[in-house]
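Residue-level listing of the chains:
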Amino acid sequence: MTDVIILDFLHDHDLELSPKPLYRNLVRHGHDIGYSTVRGRVRALEEQDLLQKDDDGYYELTGRGRAYLAGELDAADLE
């Protein structure tokens, strides 16, 4: 559930964010989520190639992340 919240938020707002601003914006938009959770989940989502991190530490959706949100990639297909 947390993973989908993070992916949906980045997709819906068309953002690239580092973990701290992502956390603050999720909370600001009413999500009950902790910073350590966000930090850990973005790393896990990067490992699954659903997010990619640039050299400045900002995360954005990958094509695979967009496919997952569109229902074109099943959760069972993720590592």
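Look up: the structure comes first, before these words.
Everything numeric here is computed off the predicted structure, so don't read it as measured data. (Residues numbered from 1 in each chain as written. Predicted model: local features only at pLDDT ≥ 70, side-chain atom pairs only at ≥ 80, totals over all residues. Heavy atoms only, no water.)

Participant: Would you mind going over the packing of helix 1 (residues 2-13) against helix 3 (residues 35-47) with me for this structure?
Facilitator: Think of two packed helices as two axes; the pair is described by the angle between the axes and how far apart they sit. Remark: helix 1 packs on helix 3, axes separated minimally by 10 Å, with the N-to-C direction vectors making an angle of 80°. The orientation of helix 1 relative to helix 3 falls into the category roughly perpendicular. Within the contact between the two elements, helix 1 uses Thr2, Asp3, Ile6 and Leu7 and helix 3 uses Thr37, Val38, Arg41, Val42 and Leu45. (Axes fitted to C-alpha atoms, helices over the stretch in contact; angles between N-to-C directions. Helix = DSSP H or I, 4+ residues; strand = E, 2+ residues; numbered from the N terminus. Parallel < 35°, antiparallel > 145°, perpendicular 65-115°, else oblique. Contact = heavy atoms within 4.5 Å.)

Participant: Sorry, what's going on with unusual backbone geometry here?
Facilitator: In terms of backbone geometry, most residues other than glycine have negative phi values and most peptide bonds are trans. Positive phi outside glycine occurs at Asp14, with the angle close to 50°. As for its position among the elements, Asp14 is in the loop between helix 1 and helix 2 (19-28). Although it is not a glycine, Asp49 sits at a positive phi angle of roughly 60°. One can find Asp49 in the loop between helix 3 and strand 1 (51-53).

No statement about biological role is implied by the geometric values presented.
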